[in-house]
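Breakdown of the fold
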Protein chains: 2
Amino acid sequence: MPRVVRGSTWSARLGGLAMAACLFGALPALALDGIVEKKVFEMPSYTTVGGGTIKNVRIGWESYGKLNEAKDNVILITHFFSGNSHAAGKYKAEDAAPGYWDSIIGPGKPLDTDKYFIISSDTLVNLSPKDPTVVTTGPASINPDTGKPYGMSFPIVTIKDFVNVQKALVDSLGIKSLQAVMGGSMGSLQAFEWAADHPDMVKRVIAAIGGPEADPFLIGWLNLWAAPIKLDPNWNNGDYYGKAEPKAGLTEALKLVTLHARHWKWADAAFGRKWAEEGKDPKAAMGNQYAIEAWLDKAASGRAAVSDANHFLYLVKANQTFVTGNGASLEDGLAKIKAPVLLIPSADDLVFPPDRNMRPLKDRLEKQGNAVEYTESITSTLGHLDGVANIAKAGETIAQFLAK
Amino acid sequence: MPRVVRGSTWSARLGGLAMAACLFGALPALALDGIVEKKVFEMPSYTTVGGGTIKNVRIGWESYGKLNEAKDNVILITHFFSGNSHAAGKYKAEDAAPGYWDSIIGPGKPLDTDKYFIISSDTLVNLSPKDPTVVTTGPASINPDTGKPYGMSFPIVTIKDFVNVQKALVDSLGIKSLQAVMGGSMGSLQAFEWAADHPDMVKRVIAAIGGPEADPFLIGWLNLWAAPIKLDPNWNNGDYYGKAEPKAGLTEALKLVTLHARHWKWADAAFGRKWAEEGKDPKAAMGNQYAIEAWLDKAASGRAAVSDANHFLYLVKANQTFVTGNGASLEDGLAKIKAPVLLIPSADDLVFPPDRNMRPLKDRLEKQGNAVEYTESITSTLGHLDGVANIAKAGETIAQFLAK
């Protein structure tokens, strides 16, 4: 029987902080849009769509706002490839930044916490199991049957498996309907899957910078993202736990994700052709770099420190194999969706180019009778990443869509 | 003193073929647009822009058409990153394909060999020193001072160095003016550099799918292209000659080049979401692939067999450091260009997006008084690669530009 427990480490740590905040008079301001807590949902056993068994499934989740008595004011947030359940607020007042969509989640914001109970959950095989704020189950988890990490023996999981576990979490809270499922990028894949799998439960879909399937070009790119990990001799076919880890390969993989998710407009504005170090002309030595190269190394290296290489490979597989409805035909999957859909692409998205993904999806959904809204208002200079950093530009549209 | 010699292996082999073709009556048809011969240009020593010395420089080149007496009917073709001097014709009648721009080079074609003497040359550090039709000098070449391959001790070279060696080749033929320098991608960088360095010699520039500098986003991408090579333990800091070579890393690097140079339209049309092998569902095993993945592996593996990993790294550096004129300022470099310029981008180019490269270049050149023509007529489904595969769509424009 699935059950919801609080992450003991986090609730203890955050409880102390909340008390401290209270003593210093800061809590009232933070109570609404501030301090959040990581909770943990557990399932003794989960059987994957492919028939694999995962015991002791643990998934982190957060919530913002209050569940009403009818339990019908719920919005579910599903996260992107390198993201996690921390969509809004801060764990402690001094956190450098709040959750990734804090700009639209909070009291009076488009996802209004005075009105909605917003749930955000970590996925299976989340990229960053070493991040202390992430709770996930994947290749780096201990297989209770062996007492050792699964490594590449972990069952293959799909976006539908992510949704199935979220469904169990939502069920465990007694929630029978969702005002919306909203996600960006890989989160949008989950939102489409939710709407296809549970059409009577999902009242609205809000999907940013994503698509209804992994298109063939993206399947190729995902292969390339994964390649550096397998080239790193420390990867060792996934058997590296307790040994030297494939940090170099994982860093290069994350550099690919990082650059692919951005745009030349960002590169021009942030770096130009600046050198990484004054006096070190890139023409003078093979090792001398441009600023953008050094930045990529540093940004990806930081992310690699909390990420797991095998989890990366499992995420790549989950994304490559995605077709809404998890069947052979996209048409069949989309036909199951009843909900009105709001599509929010970035015009400059290089990962899910709108001309290949959300624009034809709009036509397909309209053709089958769905109510569809479409806005590229988030487009700025970041490419794909506009869907995270600039989501507030679609705030008004989101609020109106939820109010309908 | 530079001198032009014939590649002995090739001239012997091709001489025999030409004779065979003659015996079977095939030669007349091939004489105009058919059998071509690789020639070799040699320099006893070349000093790079950065001050390095390269002894025994050898560079392959081909020509199509006849040099007139005034030696003023010359067009120079400069090649792309993974290309070489084989721009037109076949070495032997049974070759599977002719040179890469054969569709526009030949008698009566836009680059009319009845009229023009067309020279196409290999660059320094050409990607494919193991291709028997390529003659180049780079890290895989023997350093005469040590009797061993240079490896990473080879001097850093720039696009300007490529141009300097081509200039020596052209000088050695007594040619004092060029009707045009034409190149695609990295070939366009050389064309811009030629026009800036030798403004009184270059009468026209024809530049496809390129730009006047490596923009910061491309600098980042080039870093990512190179990364898999350095991750391969066989790379060994470039010291792998006579040992196991970094084939796996080079293959992944070439997969990145291959996919980046294409487009989702191509991926949709060529593969869709097809599996690599019937009965091997990608959802069923981590090793089961989609068709596009298997194709990328195969295509890149084939290219890796004739390529050199260190040459790849030197090409990346040459491209990253490129600014027309080889100075600090693009404005200064462009100001040196006097020639009319024909720009031929692909609208779908992901390597040199026209909105960042050829479109603003058009405005800049016009502002400084150059005659500029601009056409995106080559755009089809291949992205960057449209500039190679679909150049004939700009054939009429090219012919008219040359006739002006």
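None of these values were measured; they are calculated from a predicted model.

Structural notes on unusual backbone geometry
Residue and element names in this part refer to chain B. Unusually for a residue other than glycine, Asn-56 sits at a positive phi of about 50 degrees. Examined against the element boundaries, Asn-56 turns out to sit in strand E3 (residues 53-64). Backbone geometry places Asn-236, a non-glycine residue, at a positive phi of 55 degrees. Residue placement: Asn-236 occurs in the loop between helix H5 (216-231) and helix H6 (247-260).

Quick notes on the interface of chain B and chain A
At the interface, 54 residues of chain B touch 54 residues of chain A. Taken together, both faces of the contact between chain B and chain A bury some 4700 Å²; the carbon and sulfur share is 72%. Remark: the boundary between chain B and chain A carries two salt bridges. At the boundary of chain B with chain A, the tally comes to 23 residue pairs in polar contact (both at pLDDT 80 or more). When residues of the side of chain B that touches chain A are traced back to their parent elements, those giving at least two are H5, H6, helix H7 (264-270), helix H8 (291-304) and helix H9 (309-320) of chain B. Per-element tally for the side of chain B that touches chain A: the top contributor is H5 of chain B, with 10 residues. Looking at side-chain class alone, the side of chain B that touches chain A contains 30 nonpolar, 12 polar and 12 charged residues.

Here we look at the environment of Ser-63 of chain B
All names here are of chain B. Assignment of secondary structure puts Ser-63 in strand E3. Between the C-alpha atom of Ser-63 and that of Gly-249, which follows or precedes it by 186 residues, the distance is 35 Å. Apart from residues lying up to four places away in sequence, Ser-63 is in contact with Lys-39, Phe-117, Ile-118 and Ile-119. Side-chain polar atoms of Ser-63 contact the side chain of Lys-39, separated by 2.6 Å.

A look at the environment of Gly-287 of chain A
Residue and element names in this part refer to chain A. Assignment of secondary structure puts Gly-287 in the loop between helix H7 (264-270) and helix H8 (291-304). Owing to a relative accessible area of 64%, Gly-287 belongs among the exposed residues under this scheme. Remark: the alpha-carbon pair of Gly-287 and Asp-268, spanning 19 residues in sequence, is separated by 22 Å.

A closer look at the UniProt feature "active site" (unreviewed entry) in chain A
Residue and element names in this part refer to chain A. As recorded in UniProt, the feature "active site" (unreviewed entry) lies at Ser-185, Asp-349 and His-384. These residues run over 200 residues, yet every pair of their C-alpha atoms falls within 10.3 Å of each other. For Ser-185, the contacting residues outside a window of four places in its chain are Phe-80, Ala-208, Ile-209, Gly-210, Phe-352 and His-384. Following the sequence through the fold, Asp-349 ends up in the loop between strand E12 (341-344) and helix H11 (358-367). Judged by relative accessible area, which is 3%, Asp-349 ranks as buried. Every residue in contact with Asp-349, bar those within four places of it in the chain, is listed here: Ile-209, Pro-354, Gly-383 and His-384.

Reading the values: rules and limits
- Residues numbered from 1 in each chain as written.
- Chains lettered and ligands numbered in written order.
- Predicted model: local features only at pLDDT ≥ 70, side-chain atom pairs only at ≥ 80, totals over all residues.
- Heavy atoms only, no water.
- Helix = DSSP H or I, 4+ residues; strand = E, 2+ residues; numbered from the N terminus.
- Contact = heavy atoms within 4.5 Å.
- Buried area = accessible area lost by both parts, 1.4 Å probe.
- Salt bridge = Lys/Arg side-chain N within 4 Å of Asp/Glu carboxyl O.
- Polar contact = N/O pair within 3.5 Å; in protein donor to acceptor, adjacent residues only side chain to side chain.
- Nonpolar A, V, L, I, M, F, W, Y, C, P; charged D, E, K, R; others polar.
- Buried < 20%, exposed > 50% of the residue type's maximum accessible area, 1.4 Å probe, protein only.
- UniProt positions renumbered as here; feature names shortened; annotations may be inferred.

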